[in-house]
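Working through the structure, step by step
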Amino acid sequence: MGTSILAAPPQGSDLKPVSGQPGLPYIGNTLKVMRDPFGFARMRYEQFGPVTWGWLLGQRIVTAQGPEAAEAVLVNRDKAFANGPAWSYFIGPFFHRGIMLLDFEEHLHHRRIMQQAFTKARLHSYMDAMAPGISKGLDAWEPQRGFKVYDHIKQLTLDLATDVFMGVELERAEADRVNGAFIGAVRAGTAYVRFPVPGLRWHKGLKARKELEEFFRKHLPAKRREGGDDLFAALCQAETDDGHRFTDDDVVNHMIFALMAAHDTTTITLTTMAYYLAQYPEWQERVREESLALGGPLRFDELDKLESIDLVMKEATRLVAPVPALPRKVVKDTSILGFHIPAGTTVMVPALTNHHMPEWWPEPDRFDPERFAAGRREDKVHKYAWAPFGGGAHKCIGLHFAGMQVKGIMHQLVQRYRWSVPAKYEWPLDTTSLPSPKDGLPVKLELIQ
């Protein structure tokens, strides 16, 4: 199918129309994007520039490539780009009214309340609560060949989310059921068949959402009464200076969303770090030496001392953005870099591929944590060159918690274990949903004596 424009600019306007190759209606470029997001993004950028359009997952979608386009969308100066209707298309039925699905004044109102759950004092208490769970989880790992890092890290972060975020003692069977419901809800967002056919992803996601709602509503009254050091209690108790608090529905919606966001993005980041540390053993040893010198579980006041882990974490989120794309719905006619974007359009900021653009990153596909070091700071070439946590009003509210959890886990992991992969191994990265290795990232895991 040939080149076509999305919509003609208003008469007399100096704006340019958005061009693209839409592909087949509904299906469009979906399979190409999922199979090779980096190659496809590069081809479209070279052919059409930073702003182009095509069919993707059943929608006409404008892709805004590069940091300048990302800034125009994410900063959202004229309030033309809305999160809620865009994300709702993908995950709305499963993560209804999570903080990322709210907009403008309502989003700001909820964010002000939720910030009370991420104060420095709260983060300190979460850190203290996490340390024993990290130790217990890592101690249960069994050194072996073919040890699947992704599967074990996902189990660990799910258990930590259940423990630290919910603060509810669960039997293993119930914890597994709750964790399974989260996985089902997340996977449903990228279903090809987007209505409830029994046995398929969408139907499973709706069932999972119902299970999660029932779980939180059962435990909510006790959290309201008794409080605690966990996120669940914090959201129940959170109150702004002028006395605004969350309703029960608000708490349930935010907990379901926060738990998904916390364990999935952390799992992806830690798995990516583990992959590159296996490929670059000199970096693994550098990280290990730093952590062994510090010793013990990581304390809140020691976070800034792990400079090497910090560099590796930043490079990992550049190479594999945990949230690969940020969608927005255009609520009124607007423009991006001089291109006319009509109301009703879905716009996508592709963080995954933006981080690999050679125009902004030297040797973008090479693992090079030093690019974030003080003497280089390649991320400073543009405010939105590196944006794994989004930006603007919707910048991830839990970014400091995420960094704290990643450092806390990796710090204990490198003190206990050494891991490696065969010399020519390259992981098969699955980008059909949130990025993850198709093979679970099998490594040779060894206990450090």
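Residues numbered from 1 in each chain as written. Predicted model: local features only at pLDDT ≥ 70, side-chain atom pairs only at ≥ 80, totals over all residues. Heavy atoms only, no water.

Per an unreviewed UniProt entry, the recorded name for the chain is Cytochrome P450, and the organism is Actinomadura rudentiformis. In its Cofactor (unreviewed entry) section, the UniProt record describing the chain reads: "heme". (UniProt positions renumbered as here; feature names shortened; annotations may be inferred.)

**A look at the UniProt feature "binding site: heme" (unreviewed entry) in the chain**
UniProt's feature table lists "binding site: heme" (unreviewed entry) at C396, given in the numbering used throughout. Residue position: C396 is located in the loop between α14 (351–354) and α15 (399–416). Given the relative accessible area of 32%, C396 is considered partly exposed. Excluding residues within four positions of it along the chain, C396 makes contact with R111 and F389. (Helix = DSSP H or I, 4+ residues; strand = E, 2+ residues; numbered from the N terminus. Buried < 20%, exposed > 50% of the residue type's maximum accessible area, 1.4 Å probe, protein only. Contact = heavy atoms within 4.5 Å.)

**Section: empty space enclosed by the protein**
On inspection of all chains with the given rule, the structure shows five cavities of 30 Å³ or more. Listed by contribution, the elements that provide at least two residues to the lining of the largest cavity are α3 (67–75) and α14. (1 Å grid on protein atoms, 1.4 Å probe; cavity = no way out; pocket = protein on both sides within 12 Å on 5 of 7 lines; lining within 4 Å. Points joined across faces, edges and corners; volume = space filled by probe spheres on them.)

**Let's talk about α3**
Those residues of α3 that fall on the buried side of the exposure criterion are P67, A69, A70, E71, V73 and L74. Downstream of α3 by a residue or two, N76 has a phi angle that is positive, lying close to 55°.

**Thoughts on the pairing of strand β11 (residues 417–420)**
Consecutive side chains along a regular strand alternate between the two faces of the sheet. Only one face of β11 is covered, namely the one carrying Y417 and W419; the face carrying R418 and S420 has none of its residues buried. Direction of pairing for β11 relative to strand β14 (residues 442–447): antiparallel, over a ladder of four bridges. Note that in β14 the partner of S420 across the bridge is K444. (Pairing = 2+ DSSP bridges.)

**Observations concerning a nonpolar patch on the surface**
Among the surface-exposed residues, L24, Y26, I27 and L31 lie close enough to one another that they form a single nonpolar patch of about 380 Å² accessible area. Looking at the element boundaries, L24 is found in the loop between β2 (19–20) and α1 (30–35). Note on L24: relative accessible area 54%, which makes it exposed. (Patch = residues over 30% accessible without salt bridge, like charges linked within 9 Å, V, L, I, M, F, W, Y side chains within 5 Å. Areas by Shrake-Rupley, 256 points an atom, 1.4 Å probe, with all protein chains shown as cover. Salt bridge = Lys/Arg side-chain N within 4 Å of Asp/Glu carboxyl O.)

**Quick notes on the environment of G58**
Assignment of secondary structure puts G58 in the loop between β3 (51–56) and β4 (59–64). For the pair G58 and I27, spaced 31 residues apart in the sequence, the C-alpha separation amounts to 6.0 Å. Dropping the residues within four chain positions of it, G58 is found in contact with Y26 and Y89.

**A few points about the nonpolar core**
Counting residues in each nonpolar core, the largest one holds 134 residues, and the members touching the most others are F216, M255 and W419. Per-element accounting of this core gives the leading share, 17 residues, to helix α11 (residues 248–279). Ignoring any residue separated from it by four or fewer positions in sequence, one finds M255 in contact with F165, M166, F216, L231, F232 and L235. (Core = buried A, V, L, I, M, F, W, Y, C linked by side-chain atoms within 4.5 Å.)

**Focus on the packing of α11 against helix α13 (residues 307–319)**
Closest axis-to-axis distance for the α11/α13 pair is 9 Å, and the angle between their directions is 105°. Classified by the angle between their axes, α11 and α13 sit roughly perpendicular to one another. Residues T269, T272, M273, Y276 and L277 of α11 form the contact with α13, whose own contacting residues are I309, V312, M313, A316, T317 and L319. Each residue belonging to the contact of α11 with α13 can be placed in one class, and the counts come to eight nonpolar, three polar and no charged. (Axes fitted to C-alpha atoms, helices over the stretch in contact; angles between N-to-C directions. Parallel < 35°, antiparallel > 145°, perpendicular 65-115°, else oblique. Nonpolar A, V, L, I, M, F, W, Y, C, P; charged D, E, K, R; others polar.)

**Quick look at the sheet that holds strand β6 (residues 147–148)**
Sheet strands line up and pair through hydrogen bonds in the backbone, either parallel or antiparallel. Pairing is antiparallel across the open sheet formed by three strands, whose spatial order is β6-β14-β11. Every interior strand has two partners, whereas the edge strands, β6 and β11, have only one. With two bridges joining them, β6 and β14 adopt antiparallel strand pairing. Residue pairing in the sheet places K148 in a bridge with P442 of β14. Across the face of the sheet, α15 comes into contact with β11 and β14 while running at roughly 85° to β11.

**Considerations on the packing of aromatic side chains**
Under the criterion given, the structure shown has 18 aromatic pairs. Ring geometry for W141 against Y417: centres 6.0 Å apart, planes inclined by 25°, an arrangement best described as stacked. With W141 in the loop between α6 (120–139) and β6 and Y417 in strand β11, this residue pair connects regions lying 276 residues apart in the sequence. For the residue pair W141 and Y417, the accessibility class agrees, reading buried in each case. Between Y276 and F367, the aromatic rings sit 5.0 Å apart at their centres with planes inclined by 10°, giving stacked as the arrangement. In this pair, Y276 sits in helix α11 while F367 sits in the loop between α14 and α15, placing the two residues 91 residues apart along the sequence. For the pair Y276 and F367, a shared accessibility class is recorded, and that class is buried. One aromatic cluster in this structure is built from Y275, Y276, Y280, W283, F367, Y425 and W427. Lying over the aromatic face of F339, K16 brings its terminal NZ or CZ to 4.4 Å of the ring centre. The ring of W361 has R318 lying over it, and the distance from NZ or CZ to the ring centre is 5.2 Å. (Phe/Tyr/Trp six-rings, centres within 6.5 Å; stacked < 30°, edge-to-face > 60°. Lys NZ or Arg CZ within 6 Å of the ring centre and 35° of its normal.)

**A few points about the pattern of salt bridges**
A full pass over the atoms with the stated rule returns 33 salt bridges. Between R172 and D159 there is a salt bridge, and its shortest N-O distance comes to 2.8 Å. Residue R172 is found in helix α8 (residues 172–188), and its partner D159 is found in helix α7 (residues 149–165); the two are separated by 13 residues along the sequence.

**With respect to unusual backbone geometry**
Most peptide bonds take the trans form, and the phi angle of most residues other than glycine is negative. For N76, which is not glycine, the phi dihedral falls at a positive 55°. With respect to the element layout, N76 can be found in the loop between α3 and β5 (81–82). If you check the backbone angles, E363 has positive phi at about 45° while not being a glycine. For E363, the position within the fold is in the loop between α14 and α15.

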